[in-house]
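Examination of the molecular architecture
The chain contents come next:
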Amino acid sequence: MARTRPGAPDEDDEDEFDGDDYDAETDYDPEDPETYPAGLYVDDSRAFVPCPYCRAEIDEEAEQCPKCGMFVSREDAPSDRKSPVWIVLMVLALLAVMAMALG
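Residue positions are counted from 1 within each chain, in the order its sequence is given. With the structure being a predicted model, the display of local features is reserved for residues of pLDDT at least 70 and the display and counting of side-chain atom pairs for 80 or more, all residues being used for whole-chain, interface and lining totals. Heavy atoms from the whole structure form the basis of all side-chain values; hydrogens and water molecules are not counted.

**Let's talk about unusual backbone geometry**
- Even without being a glycine, Arg55 presents a positive backbone phi close to 70 degrees.
- Each helix corresponds to a stretch of at least 4 residues labelled H or I by DSSP, and each strand to a stretch of at least 2 residues labelled E; elements are numbered beginning at the N terminus. Here Arg55 shows up in the loop between strand 1 (48–50) and strand 2 (57–59).
- Relative accessibility thresholds used throughout: buried, under 20% of the residue-type maximum; exposed, over 50%; partly exposed, between the two (1.4 Å probe, protein chains only). Given the relative accessible area of 56%, Arg55 is considered exposed.

**Overview of the environment of Pro52**
- With respect to the element layout, Pro52 can be found in the loop between strand 1 and strand 2.
- When its relative accessible area of 43% is taken as the criterion, Pro52 is described as partly exposed.
- Linking Pro52 and Cys65, residues 13 residues apart in sequence, is a C-alpha distance of 9.1 Å.

**Things to note about a nonpolar patch on the surface**
- Among the surface-exposed residues, Val85, Trp86, Ile87, Val88, Leu89, Val91, Leu92, Leu94, Leu95 and Met98 lie close enough to one another that they form a single nonpolar patch of about 1000 Å² accessible area.
- For Leu89, the position within the fold is in helix 2 (residues 84–102).
- Judged by relative accessible area, which is 45%, Leu89 ranks as partly exposed. Only residues above 30% relative accessible area that lack a salt bridge enter a patch, with like-charged residues linked at up to 9 Å and the nonpolar side chains Val, Leu, Ile, Met, Phe, Trp and Tyr linked at up to 5 Å. Methods summary: accessible areas were calculated by the Shrake-Rupley approach with a probe of 1.4 Å, and residue burial reflects only the protein chains presented. Salt bridges are defined as contacts in which a side-chain nitrogen from Lys or Arg sits within 4 Å of a carboxyl oxygen from Asp or Glu.

**Points about helix 2**
- Along its 19 residues, helix 2 runs 27 Å from first to last C-alpha, staying within 8% of the 27 Å computed at 1.5 Å per residue.
- Sparse coverage of helix 2 is indicated by the burial of zero of its 19 residues. Between the first and last residue of a helix there are one fewer steps than residues, each counted as 1.5 Å, and that sum is the expected span.

Quick look at the structure:
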């Protein structure tokens, strides 16, 4: 039998599916693993990556390597710079000490 519209399955093709058609729009719920299509699985295990400094395996979400103690990214590392407020306070304290000494 000829197809009635382009892309429509022939009557013979309908027997291939045996009623096990999976419709992602109506059958899939991302919160329910029971509705996942065949072949899709949930992998709850943590992923590990090498530390950029010592190459030890660390959790990919770790901020600091437990083996060498280095921070994995610059954003996670504490700031090495001193705040400009501390510099101004130190200069003022030094000037106050000099003024008392010359005083």
